[in-house]
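Each chain, letter by letter, is given below.
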Amino acid sequence: MAPVTQLEIEIREKRYPQVGLAPAHLALRELRMSLRGSEFACVLGPSGCGKTTLLHCIAGLDESFQGRITLPSGRAGPRPVIGYVFQNPRLLPWRTVVENIELVLSPGQTRSGLVDELLAATGLEAFRHAYPGRLSLGLERRVALVRAFAVQPDLLLLDEPFVSLDEPTAQRLRLLLLQIWRDRPTTVIFVTHDLREAIQLADRIVLLSPAPGTVLAEIPVAIARSERREVAVVEGFRNKLIRENPALYREL
Amino acid sequence: MATRSSVLIQTLSLVALLALWQLAAMLADSRVLPPPLAVLEVLIAGFEDGEVPYHIGITLARVAASFVLAMAIGVAVGIVMGRSKGVDRFFDGWLVLFLNVPALVTIILCYVWFGLVEAAAIAAVAINKIPNVIVTVREGARSLNPDYQEMAQSFQLGRAKTLRHVVLPQLFPFIAAAARSGLALIWKIVLVVELLGRSNGVGFQLYTFFQLFDVTSIFAYTLAFVAVVQMIELAVLQPLEAKANRWRR
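Residues numbered from 1 in each chain as written. Chains lettered and ligands numbered in written order. Predicted model: local features only at pLDDT ≥ 70, side-chain atom pairs only at ≥ 80, totals over all residues. Heavy atoms only, no water.

Enquirer: Could you clarify how one ought to interpret the packing of aromatic side chains in this entry?
Expert: How two aromatic rings sit relative to each other is set out by the distance from centre to centre and by the angle between their planes. A complete count under the given rule lists 12 aromatic pairs over all chains for this structure. Pairing Phe40 of chain A with Trp181 of chain A gives two aromatic rings, centres 5.1 Å apart and planes at 85 degrees, and the pair type is edge-to-face. On the criterion of sequence distance, the pair formed by Phe40 of chain A in strand β3 (residues 40-44) and Trp181 of chain A in helix α6 (residues 167-183) is long-range, its members being 141 residues apart. This pair shows no difference in class: Phe40 of chain A is buried, exactly as Trp181 of chain A is. The interplanar angle of 65 degrees and the centroid separation of 5.4 Å between the aromatic rings of Trp21 of chain B and Phe219 of chain B together place this pair among those described as edge-to-face. Pair noted here: Trp21 of chain B is in helix α1 (residues 4-28) and Phe219 of chain B is in helix α10 (residues 215-244), with a separation of 198 residues, a long-range link. Note on Trp21 of chain B: relative accessible area 18%, which makes it buried. (Phe/Tyr/Trp six-rings, centres within 6.5 Å; stacked < 30°, edge-to-face > 60°. Helix = DSSP H or I, 4+ residues; strand = E, 2+ residues; numbered from the N terminus. Buried < 20%, exposed > 50% of the residue type's maximum accessible area, 1.4 Å probe, protein only.)

Enquirer: Sorry if this is basic, but what is going on with the sheet that holds strand β7 (residues 187-192) of chain A here?
Expert: Sheets are built from strands that pair by backbone hydrogen bonding, the pairs being arranged parallel or antiparallel. All names here are of chain A. Read from one edge of the open sheet, 6 strands run β5-β6-β7-β3-β8-β9, paired in mixed fashion. A strand with exactly one partner marks an edge of an open sheet, and here the two such strands are β5 (82-85) and β9 (215-220). Along the sheet, successive strands turn relative to each other by an average axial angle of 15 degrees, direction set aside. Together, β5 and β6 (155-159) form the strand contacts of helix α5 (residues 137-150), whose direction differs from that of β5 by roughly 170 degrees. (Pairing = 2+ DSSP bridges. Axes fitted to C-alpha atoms, helices over the stretch in contact; angles between N-to-C directions. Contact = heavy atoms within 4.5 Å.)

Enquirer: Explain the confidence of the model for chain B here, please?
Expert: If pLDDT is low for a region, its predicted coordinates should not be looked at in detail. All names here are of chain B. Here chain B averages 91 in pLDDT, while 98% of its residues score no lower than 70. At the low end of the mean pLDDT range in chain B sits α10, at 87; at the high end sits helix α6 (residues 118-142), at 95. Model confidence for the complex: the whole-complex pTM is 0.80, and ipTM, which rates the interface, is 0.87. (pLDDT = per-residue confidence, 0-100.)

Enquirer: Looking at this structure, how should I read the pattern of salt bridges?
Expert: It is possible for side chains bearing opposite charge to pair when their charged atoms get close. What the rule picks out here adds up to 28 salt bridges over all chains. Here Asp147 of chain B ties to Arg90 of chain A by a salt bridge, and the two come within 3.3 Å at their closest N and O atoms. In this pair, Asp147 of chain B sits in helix α7 (residues 146-154) while Arg90 of chain A sits in the loop between β5 and α2 (97-103), so the two residues belong to two different chains. We note a salt bridge from Glu218 of chain A to Arg204 of chain A, for which the minimum N-O separation is 2.1 Å. With Glu218 of chain A in strand β9 and Arg204 of chain A in strand β8 (residues 204-208), this pair connects stretches of sequence that are 14 residues apart. The exposure class assigned to Glu218 of chain A is partly exposed, which follows from its relative accessible area of 36%. Residue Arg204 of chain A is classed as buried on the basis of its relative accessible area of 12%. Where salt bridges share partners, they join Asp88, Asp92, Arg138, Glu139 and Arg142 of chain B into one cluster. (Salt bridge = Lys/Arg side-chain N within 4 Å of Asp/Glu carboxyl O.)

Enquirer: Can you walk me through the state of the cysteines in this structure?
Expert: As used here, a disulfide is simply a covalent bond connecting the sulfur atoms of two cysteines. Across all of its chains, the model carries 0 disulfides over all chains by this definition. Lacking any disulfide linkage, Cys49 of chain A is separated from the closest cysteine sulfur, that of Cys57 of chain A, by 13 Å. (Disulfide = S-S within 2.5 Å.)

Enquirer: Explanation requested: the layout of surface pockets in the structure shown.
Expert: Within this model, the largest pocket holds a volume of roughly 620 Å³. Every residue lining the largest pocket is counted, 26 residues in all, and those nearest its centre are Ala152, Gln153, Gly158, Arg159 and Thr162 of chain B. When contributions to the lining of the largest pocket are tallied by element, the ones reaching two or more residues are α1 (51-59) of chain A together with α3 (51-83), α7 and α8 (159-197) of chain B. At 5 residues, the largest contribution of residues to the lining of the largest pocket is made by α8 of chain B. (1 Å grid on protein atoms, 1.4 Å probe; cavity = no way out; pocket = protein on both sides within 12 Å on 5 of 7 lines; lining within 4 Å. Points joined across faces, edges and corners; volume = space filled by probe spheres on them.)

Enquirer: Help me out: how do you make sense of the packing of helix α5 (residues 103-114) of chain B against α6 of chain B in this one?
Expert: In helix packing, the relevant descriptors are the interaxial angle and the interaxial distance, both defined with respect to the helix axes. Residue and element names in this part refer to chain B. Following both chains from N to C, one finds α5 and α6 inclined at 150 degrees, their axes separated by 9 Å at the closest point. It follows that α5 is roughly antiparallel to α6 by the angle criterion. Remark: the crossing between α5 and α6 carries right-handed chirality. Two secondary-structure elements touch here, α5 through Ala103, Thr106, Ile107, Cys110, Tyr111 and Phe114 and α6 through Ala120, Ala121, Ala123, Ala124, Ile127 and Asn128. (Parallel < 35°, antiparallel > 145°, perpendicular 65-115°, else oblique. Left-handed = near helix turned anticlockwise from the far one by under 90°.)

Enquirer: Honestly, the pairing of β7 of chain A in this entry has me stumped. Any pointers?
Expert: Residues and elements named next belong to chain A. Buried residues dominate β7, accounting for 6 of its 6 residues. Side-chain alternation along β7 places Thr187, Ile189 and Val191 on one buried face and Val188, Phe190 and Thr192 on a second face that is also buried. Bridging between β3 and β7 involves 5 bridges; their strand directions are parallel. For Phe40, the partnering residue across the bridge sits in β7 and is Val188. Strand direction decides the pairing type here: β6 and β7, joined by 5 bridges, are parallel. Looking at the pairing, Leu156 lines up with Val188 of β7. Taking the sense of rotation as the criterion, the β-α-β connection linking β6, α6 and β7 turns out right-handed. (Right-handed = clockwise from strand over helix to strand, strands pointing away.)

Here you go:
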């Protein structure tokens, strides 16, 4: 199967205007990248380099940038379906777990049984009817993952979805993400500032500069995912990358 | 939950109030301060001949109509003003004006312009209430969480679903506050409207008794009215609010 380009990003400039005492801020400049269908890309960069801004531009939450973003055409319609996992889970506290998920679905998806499958795969069945306020952060993040996969996205955007979790929990969720993605492949942009996390997850790492963010390097991770469970493999690759790309060490 | 001692205290307090009333009536020994039992007798007689339920029913219907009207318009305008800075700036002056127009002026103008008809009475009450609803709901609409808005937008929920499941639940505490203070205000204004331009309802009855100096009947209607208002609060408003807040910890 020939790799088809799915997503084309060309942002010449994204600038935040001055608001009150906050000065104007140039967030992104000359940022170009493209993704193939079902590719898992990690966008890696230091805090404040414009990673979240980039995702907002892609998702259509922010349209005030100069440049062009060509989204993949959707399987279900002209507009692609986007699944978004935000930095904070953003579950509606007045809806139960399953109600939060069903809210974002089309009527056909609600009946498909996909939600049940995903809840089972993520160990959330016992919490279907719980309100988010009663869940731990780790559980809330799982629900946010399930919600994003449940819409059967043509494009999945994840914004540091596992920060501020303890490492074992974060690790479990990474493996869970890979497992769900393997079963339901889709194009993924995963934003992180953690190089180890990026190595573990990505087909390709896109390294951004500090603000204004631009692409410094694109690094394919050519290691079978089964081998990446070994800490030594990840560490070895990481050390090699840092030797080859001094920018990585400076910025992360 | 009410504990047994708090129920006891509340009962004692009620009994004390009644005793105080009885004592005052005995000391005054006057037609204009009747004792509790006399009021009770008039109240029972009023229920038996159907007068009290009829007039309270009419008043309740007016309260309901103007309440629904004021809430519907106030919530809609409040959301728009809270979400759009331009609209807010344009109409803010109008709002300040209407907030400060005395209720009596609105009532008189409505009767003068539209005649002594039911629609004018209900409109007058609603117009008095709408600015308060707008101000409260606008506050809520200004403080909507942008995180949820972005979630709704990125998942392409669409306008109707976003309004119903994302926006309105966030506004609920504000709408509930507007509803409560709204009812409290509307009860009172409806009586004035009835007194000035209707020929039935509690307000009309009170006016009639005032002309006759029949304080016993005034007390009887007041007690019946207060009881009905309390019943609505306990049987309708509080359960509704508890249901809407069940997700809170």
